[in-house]
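# Summary of structural features
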Amino acid sequence: MANRTLRSLVFLLVMAWGLSARVFAEDGYDLWLRYKPLEDAARAELHKAAQQVAAPGERTPTLQAALDELVRGIDGLAGQAPTIAESAESGAILLVKPDTLPEHLKGKVSFDGLGGDGYRLLSVDGERTLIAANSDIGLLYGSFALLRHLQTGGRLEGLDVSEAPRLQRRMLNHWDNPDRTVERGYAGQSIWDWWKLPDHLDARYTDYARANASIGINGTVLNNVNAKAEMLTARWIAKAAALANVLRPYGIRVYLSARFSAPFELGATETADPLDPAVRNWWAKKADEIYAAIPDFGGFLVKANSEGQPGPQDYGRSHTDGANMLAAAVRPHGGIVLWRAFVYSETDASDRAKQAYAEFKPLDGRFADNVTVQVKNGPIDFQPREPIHPLFGAMPETSVTAEFQITKEYLGFVTHLAYLGPLYEEVLKTDTFRGGAGQTAAKLLMAEPLSGLAGVANIGSDRNWSGSHFDQANWYAFGRLAWDPEASAEDIAREWVAMTFSRDREVIAKVTGMMMASREAVVDYMTPMGLAHLMGTGHHYGPAPWVDDLARPEWNPAYYHRADAGGIGFDRTATGSDAIAQYAAPLAGLYGDRQTVPPEFLLWFHHVGWDETLPSGRTVWAELVHHYDRGVAAVGTMRRTWAGLEGRIDPARFRDVSDFLAIQEKEAIWWRDACLAYFASVSGRALPPGTRPPAHPLSWYQAQQFPYAPGHP
Ligand code: GCW
């Protein structure tokens, strides 16, 4: 008998242990929407103030989503789920629009300045909290904002916050293929389980929608810009429509990348010439077909005449001919065309950094008004650091959208911690001087008639969505900056840490500190001082500054760094490629002058002698070594900071991050050693005294091959 009792007890204990492990093991799936219990006093206070959530008026799917999220969030934070009511008594959270505002509050609550998507959070009567908006989407955004406020330690009392997004289109671009591979994706397969669509809707799609709505994302391009024609067939439109149905209540519109040669490739026309009536007709009919299935379809994203993709130039036509044909097709339905400016051609050997501007600037004023030209943040390609793209503000008669990369193709994939908030912020805060001082990229974007920000998604089927816990922060920061391009990357990091890891002040400070230093560390150990594109061929994993024999000149790292026995750097001044002439005068002057060029762009714009002395007092060669060392040291610091947080972060995520930081440190050393070995060999300079020599001879680094590196098409 005693034995049996003991056995049952042991059994129960084991069960309880298993259950708690399941309940408490954090795997990152919940992202920043974890809603962990508040500490005692705050929990009791919230419990009292949020016994009900009420939303008078028609219960649309969007309003239902808002209520469900509030119930879920308050349940987690306060330890008890509020009930959903029709009208609000005291102790309630009330979701209202101008026409559902309770009688006694009429005239007392202003909805001014909220626009369609904005919201107001307001304490009233000392015992109710209003979420006020002009639309259901505004109420959904307001609900997420209220939960964010509570998750980051805010209280309901005395609340009065109004916010409205400052860009109209806040979009993710998925580079997802129909076979579920993801170009430059490092987080597993595509989350779109195309094969089972439209009949099976993975629950993840709804969580994807929640996460995106929580940061204000309102558009998603489902497929890769290197698009397949099949995506535009009836079979695939049905799949996109099924996804659109899931995303719609969360305010997210679906867009598709369109392959320019689709009508021809699908056998419907003899050509894809944008001036051919049959081709134009095909696109118009195709748009009708798509809109019949997806009434709120956003439009087409197009990569044309770039890296081998088809486009109007194949028929002697221009980007405007191509873009405007598609614009005409979607116009009757209210759709838009996002036409990418990421172009460079092998026939122009001068300077890849100049080509987008050279091709697009002359077309200013010729794009239809439902076209926006989508421009990458820098003139080359999502490098750890680039100066701003000269096209921003350079086409006053054309709408321009900015494109950032969230996935870290050139910043160490998912195993390197690199918080991209500071990269985005640096670009957005850059003064372009277009039309006078103070014209930052953020200001220009906000003034566009079709304003928007696009981010190449880092989302995949990995349990933690982004491949690493910290890469979730890049998705989050992108969304927050698309909502407000003048927000601070550091504030965003702090808020994300509080929601994602811990509300403990010291943890927040330490982790935020790690994040804020992380991108500069990557710049330092990969491409310091304005260097770019030193990554391995094709997969872009690891260092390969020595590569100089690829078919196209601008595929070679040597093309970018131009190092030789005399010096290093790309002369883009008037004596060189004169790329600086594409910037507005004050900026061109700043970048073009050796004395005023910001040190972080020195080698981007200038070719300098190895022995020249810099303001730091070091020679160019010694400065380069200094940066590589500093980058490695910064990763060591991140590792130590993280190690010091053991016990204050849940064990599973603590271990994941620890492992990745160890990989990062190993690879930072590899980058440093390989680059220094190579640059020492070209410069003929010895390492400064006291510098640790590379672990291997240069030939060892050159021999490394990575045939299975992820994300490589
Ligand atoms: O960064 C480069 C990538 C390509 C990508 C291209 C682009 C989708 O290496 O994989 O193709 O940019 O932006 O079109």
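For clarity, every value in this text was computed on a predicted model and none was experimentally measured.

## Remarks on the overall build of the protein chain
From N to C terminus, the protein chain includes 21 helices and 16 strands. A compact globule built from 713 residues would reach a C-alpha radius of gyration of about 27 Å, and the protein chain, at 27 Å, matches this within 12%. Evaluated residue by residue, the protein chain yields a buried proportion of 59% over its 713 residues. For the protein chain, the share of sequence-separated contacts (at least 6 apart) that also reach a separation of at least 24 residues comes to 73%. Approximately 26,800 Å² of the protein chain is accessible, and the part contributed by carbon and sulfur atoms is 54%.

## Notes on the sheet that holds strand 12 (residues 371-376)
Around the barrel, which closes on itself, the 8 strands sit in the order 7-8-9-10-11-12-13-14 with parallel pairing between neighbours. Averaged over all pairs of adjacent strands, the angle between strand axes in this sheet comes to 25°, irrespective of strand direction. As paired elements, strand 11 (residues 336-340) and strand 12 share 4 bridges and run parallel to each other. Bridged to Leu338 within strand 12 is Thr372. Across the sheet, helix 9 (residues 319-330) is in contact with strand 10 (299-302), strand 11 and strand 12; its angle to strand 11 comes to roughly 160°.

## Overview of the site of the ligand
Looking at the ligand, there are 15 residues lining it, with Glu183, Lys303, Arg340, Asp381 and Glu409 nearest. Contact between the ligand and Arg340: an oxygen atom at 2.6 Å from a side-chain N or O atom of the residue. In the complex, 97% of the free accessible area of the ligand, which totals 340 Å², lies under the protein chains. The site holding the ligand turns out to be the second largest pocket. Classifying every residue of the shell around the ligand by side-chain character gives 4 nonpolar, 3 polar and 8 charged.

## Considering the layout of surface pockets
Roughly 590 Å³ of volume is contained in the largest pocket. Around the largest pocket sit 27 residues that line it, and Glu45, Leu46, Arg155, Leu156 and Glu157 are the ones nearest its centre. The element best represented in the lining of the largest pocket is helix 2 (residues 40-49), accounting for 6 residues. Among the residues making up the lining of the largest pocket, the classes are represented as 10 nonpolar, 8 polar and 9 charged. Lining the second largest pocket are 29 residues, with Arg184, Glu307, Tyr344, His540 and Trp555 sitting closest to its centre. Each residue belonging to the lining of the second largest pocket can be placed in one class, and the counts come to 11 nonpolar, 9 polar and 9 charged. When residues of the lining of the second largest pocket are assigned to domains, at least three fall in each of domain 2 (169-500) and domain 3 (524-570 + 607-702).

## Remarks on the domain arrangement of the protein chain
Domain annotation for the protein chain reports domain 1 (40-163), domain 2 (169-500) and domain 3 (524-570 + 607-702). Look at where the C-alpha atoms of domain 1 and domain 3 centre, and you get two points 50 Å apart.

## Quick word on the pattern of salt bridges
Pairing between side chains of opposite charge can happen when their charged atoms approach one another. Summed over all chains, the structure comprises 51 salt bridges. Note that Arg672 is salt-bridged to Asp673, the shortest N-O span being 2.6 Å. The exposure classification of Arg672 matches that of Asp673, with both residues buried. Taken together, the shared-partner salt bridges in this structure form one network comprising Glu26, Arg34, Asp650 and Arg653.

## Quick look at the packing of aromatic side chains
According to the stated counting rule, one finds 42 aromatic pairs in the structure shown. Here the aromatic rings of Phe501 and Trp642 are separated by 5.6 Å at their centres, their planes lie at 65°, and the arrangement is edge-to-face. One end of the pair, Phe501, is in the loop between helix 14 (489-500) and helix 15 (505-526); the other, Trp642, is in helix 19 (residues 620-643), and 141 residues separate them in sequence. Each member of the pair Phe501 and Trp642 is classed as buried. Their ring planes at 65° and their centres at 6.3 Å tell us that Trp546 and Tyr678 sit as a pair that is edge-to-face. Placement of the pair is Trp546 in the loop between helix 15 and helix 16 (557-561) and Tyr678 in helix 20 (residues 651-683), with a sequence separation of 132 residues. Judged on exposure class, the residue Trp546 and its partner Tyr678 are both buried. Clustering of aromatic rings is evident, with ring pairs tying together Tyr29, Trp32, Trp465, Trp475 and Tyr476. One residue, Arg562, lies across the ring of Phe570, its end atom 3.8 Å from the ring centre. Arg572 extends its terminal NZ or CZ atom over the ring of Phe570, reaching a point 3.7 Å from the ring centre.

## Quick notes on the sheet that holds strand 2 (residues 83-85)
Pairing in this open sheet of 6 strands is mixed, and the strands run 2-1-3-5-4-6 from one edge to the other. Two strands lie at the open edges of the sheet, namely strand 2 and strand 6 (160-163), each paired on one side alone. Strand-to-strand twist across the sheet, computed as the mean angle between neighbouring axes with direction ignored, equals 20°.

## Here we look at helix 8 (residues 277-293)
For helix 8, built from 17 residues, the straight-helix expectation of 24 Å at 1.5 Å per residue is met to within 8% by its first-to-last C-alpha distance of 25 Å. Taken together, the buried positions of helix 8 are occupied by Val279, Trp282, Trp283, Lys286, Ala287, Ile290 and Tyr291. For helix 8, the arc enclosing every buried residue in end-on projection is 165°, short of the 170-degree limit, so these residues lie on one face. Opposite the buried face of helix 8, at more than 90 degrees from it, the exposed residues are Pro277 and Ala292. Check the buried side of helix 8 and you find it contacts helix 6 (234-247), helix 7 (262-265), strand 10 and helix 9.

## Details of the confidence of the model for the protein chain
In the predicted model, the protein chain carries a mean pLDDT of 95, and the fraction of residues at 70 or more is 96%. Overall, residues 17-23 carries pLDDT values under 50, and its contacts beyond four positions in sequence, including any with other chains, amount to 1 contact.

## Digging into unusual backbone geometry
Look at the link from Leu197 to Pro198: it is a cis peptide, with omega at 0°. Examined against the element boundaries, Pro198 turns out to sit in the loop between strand 7 (169-173) and helix 5 (203-214). If you check the backbone angles, Met529 has positive phi at about 60° while not being a glycine. By the secondary structure assignment, Met529 is in the loop between helix 15 and helix 16. Classification of Met529 by relative accessible area gives buried; the value is 5%.

The rules we used
Residues numbered from 1 in each chain as written. Predicted model: local features only at pLDDT ≥ 70, side-chain atom pairs only at ≥ 80, totals over all residues. Heavy atoms only, no water. Helix = DSSP H or I, 4+ residues; strand = E, 2+ residues; numbered from the N terminus. Rg over C-alpha atoms; globule rule 2.2 N^0.38 Å. Buried < 20%, exposed > 50% of the residue type's maximum accessible area, 1.4 Å probe, protein only. Contact = heavy atoms within 4.5 Å. Areas by Shrake-Rupley, 256 points an atom, 1.4 Å probe, with all protein chains shown as cover. Pairing = 2+ DSSP bridges. Axes fitted to C-alpha atoms, helices over the stretch in contact; angles between N-to-C directions. Near = heavy atom within 4 Å. Polar contact = N/O pair within 3.5 Å; in protein donor to acceptor, adjacent residues only side chain to side chain. 1 Å grid on protein atoms, 1.4 Å probe; cavity = no way out; pocket = protein on both sides within 12 Å on 5 of 7 lines; lining within 4 Å. Sits in = over half its atoms within 2 Å of the grid points. Nonpolar A, V, L, I, M, F, W, Y, C, P; charged D, E, K, R; others polar. Points joined across faces, edges and corners; volume = space filled by probe spheres on them. Domains from an automatic or database assignment. Salt bridge = Lys/Arg side-chain N within 4 Å of Asp/Glu carboxyl O. Phe/Tyr/Trp six-rings, centres within 6.5 Å; stacked < 30°, edge-to-face > 60°. Lys NZ or Arg CZ within 6 Å of the ring centre and 35° of its normal. Expected span 1.5 Å × (residues − 1). Arc of directions from axis to C-beta. pLDDT = per-residue confidence, 0-100.

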